[in-house]
Amino acid sequence: MDLESVADELYGLPPEDFTDARRRHAAAARASGDRGLATRITSLRRPTLSAWACNLLVRADPDQAAGLLRLGEELRQAHQELDRDQMRELGSRRNRLVGALSRQVRDLAAEAGHPVSESVLREVEATLQAVLADPDAAAEWATGQLARPLSPPVGFTEAALAAATRRPAPTTALATPATAPEAPAARKDGRKAQEKELARARQDAETAEQRAREQEEALREAESEHERAETLLEQTEERAVTLAEDVRRAEDRLRAARRELDEARAEEGTARTARDGARKRVSEISAGEIT
């Protein structure tokens with residue numbers, strides 16, 4: 001038994017079976033004398049529902065997973081080179097693939113007996129976006145052993161990519177102020193109103209996104225605190241089990257020592273009785289010789 005094989009098994013289980021299976025493996029490691037492995041097994045975190053669903057996708061459809069990883073490599077390269085045409089094409093593929101994989105995750109989770117909510121699906125989609133954006137996230141996701149959903153790094157968001165793909169290509173000639181016709185006042189006012197409305201919409205979207213990030217962070221903190229408490233409880237339970245085993249072994253040694261002491265006392269009593277009998281016999285013989 002090693003940590004990798006245990007982790008691979010645990011993260012393939014339904015979430016509700018994770019903790020009991022982890023405890024059994026940790027107990028088996030302790031029983032074999034490998035307490036270090038037992039501690040590492042205990043430190044494995046139970047996956048959230050969205051992380052479990054993402055693991056389910058990796059394990060159920062390796063081909064789709066490989067396709068997402070390849071697309072991520074192409075997309076990151078295009079983003080690094082600021083290749084607008086390539087980013088536009090890959091962005092379209094990304095949207096289709098993330099949407100298709102999210103639906104597949106929803107179906108797989110439902111088939112496994114764990115229908116997922118819209119909030120869980122959003123975490124799944126964020127994880128898929130992170131896989132596309134970050135090679136480290138891609139490597140972590142590909143193991144099928146996520147414990148938490150992933151988030152795409154700053155600078156690789158949907159809005160940033162969309163802005164890059166919408167940027168117009170430079171024209172060969174620009175109209176000069178002398179030759180360009182002046183727009184009517186009404187058109188200028190309408191454009192200004194649209195720009196203000198767009199600015200307000202962007203501000204509202206940024207505010208909503210910030211609030212969502214804060215709420216997600218608070219939720220993750222709460223989940224982390226819960227996990228820490230659960231881990232501490234399990235470690236305490238394991239320590240109690242270890243102490244109980246030590247007490248049992250000490251009691252066994254004490255009982256054995258008491259048996260040995262009782263046997264020694266019994267042998268001593270027998271020897272004393274024999275000695276007293278011998279002395280009495282000697283006394284009797286001596287008294288007979290005197291008479």
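Residues numbered from 1 in each chain as written. Predicted model: local features only at pLDDT ≥ 70, side-chain atom pairs only at ≥ 80, totals over all residues. Heavy atoms only, no water.

Q: How would you summarise the overall build of the protein if you had to cite specific residues and measurements?
A: Across its full length, the protein holds 10 helices and 0 strands. Mapped in sequence order, the helices and strands of the protein form the string α-α-α-α-α-α-α-α-α-α. By the burial criterion, 28% of the 291 residues in the protein qualify as buried. For the protein, restricting intrachain contacts to residue pairs at least 6 apart in sequence, the fraction spanning at least 24 positions comes to 73%. (Helix = DSSP H or I, 4+ residues; strand = E, 2+ residues; numbered from the N terminus. Buried < 20%, exposed > 50% of the residue type's maximum accessible area, 1.4 Å probe, protein only. Contact = heavy atoms within 4.5 Å.)

Q: A description of helix 1 (residues 3-10) should follow, citing residues and the corresponding values.
A: Where helix 1 is concerned, the buried positions are Val 6, Ala 7 and Leu 10. Relative to the axis of helix 1, the buried residues are bounded by an arc of 100° and lie together on one face. The backbone nitrogen of Glu 4 has a side-chain oxygen 3.1 Å away, supplied by the residue at the start of helix 1, namely Asp 2. (Arc of directions from axis to C-beta. Polar contact = N/O pair within 3.5 Å; in protein donor to acceptor, adjacent residues only side chain to side chain.)

Q: Describe the packing of helix 4 (residues 49-60) against helix 7 (residues 118-133), listing the residues and the values that go with them.
A: A pair of packed helices can be characterised by two numbers: the angle between their axes and the separation between those axes. Between helix 4 and helix 7, the least distance of the axes is 9 Å, while the angle of their chain directions is 55°. By the angle class used here, helix 4 and helix 7 are oblique. As helix 4 packs across helix 7, the resulting crossing turns out to be right-handed. Residues Leu 49, Ser 50, Ala 53, Cys 54 and Leu 57 of helix 4 touch helix 7, and the partners they reach there are Val 120, Glu 123, Val 124, Thr 127 and Leu 128. Looking at the contact of helix 4 with helix 7 residue by residue, the classes come out as 7 nonpolar, 2 polar and 1 charged. (Axes fitted to C-alpha atoms, helices over the stretch in contact; angles between N-to-C directions. Parallel < 35°, antiparallel > 145°, perpendicular 65-115°, else oblique. Left-handed = near helix turned anticlockwise from the far one by under 90°. Nonpolar A, V, L, I, M, F, W, Y, C, P; charged D, E, K, R; others polar.)

Q: Could you give an account of the nonpolar core, with specific residues and numbers?
A: Membership of the largest hydrophobic core comes to 32 residues, with the highest contact counts inside it found for Leu 57, Leu 68, Leu 128 and Trp 141. Elements represented by at least two residues in this core include exactly helix 4, helix 5 (62-81), helix 6 (84-111), helix 7 and helix 8 (135-142). The leading source of residues in this core is helix 6, at 8 residues. Leu 68 has contacts with Leu 97, Leu 101, Leu 128, Val 131, Leu 132 and Trp 141, leaving out every residue within four places of it along the chain. The next biggest cluster of nonpolar side chains, apart from the first, holds 13 residues, and it includes Ala 21, Ala 38, Leu 44 and Ala 147. (Core = buried A, V, L, I, M, F, W, Y, C linked by side-chain atoms within 4.5 Å.)

Q: Report on the pattern of salt bridges, specifying residues and quantitative values.
A: Counted by the stated rule, this structure contains 6 salt bridges. Among the ionic pairs, Asp 8 bridges to Arg 59, the shortest N-O distance being 3.5 Å. One end of the pair, Asp 8, is in helix 1; the other, Arg 59, is in helix 4, with 51 residues separating them in the sequence. Given the relative accessible area of 36%, Asp 8 is considered partly exposed. (Salt bridge = Lys/Arg side-chain N within 4 Å of Asp/Glu carboxyl O.)

Q: So what about the packing of aromatic side chains? Which residues, and what values?
A: What the rule picks out here adds up to 1 aromatic pair. With centroids separated by 5.2 Å and ring planes inclined at 55°, the aromatic side chains of Tyr 11 and Phe 18 adopt a geometry described as tilted. With respect to class, Tyr 11 is no different from Phe 18; both count as buried. (Phe/Tyr/Trp six-rings, centres within 6.5 Å; stacked < 30°, edge-to-face > 60°.)

Q: Account for helix 6, naming residues and giving values.
A: Between its first and last C-alpha atoms helix 6 spans 40 Å; for 28 residues at 1.5 Å apiece the expected length is 40 Å, and the two agree. Residues Met 87, Leu 90, Gly 91, Arg 94, Leu 97, Val 98, Gly 99, Leu 101, Ser 102, Val 105, Leu 108 and Ala 109 constitute the buried set of helix 6. Immediately downstream of helix 6, the backbone of Gly 113 shows phi near 90°, a positive value. (Expected span 1.5 Å × (residues − 1).)

Q: Got a sec to walk through the environment of Leu 146? Specific residues and values, please.
A: Here Leu 146 shows up in the loop between helix 8 and helix 9 (158-166). The class for Leu 146 is buried, based on a relative accessible area of 0%. Remark: the alpha-carbon pair of Leu 146 and Asn 55, spanning 91 residues in sequence, is separated by 6.4 Å. Each residue touching Leu 146, except ones within four places of it in the same chain, is listed here: Tyr 11, Pro 47, Ala 51, Cys 54, Asn 55, Thr 127, Glu 140 and Trp 141.

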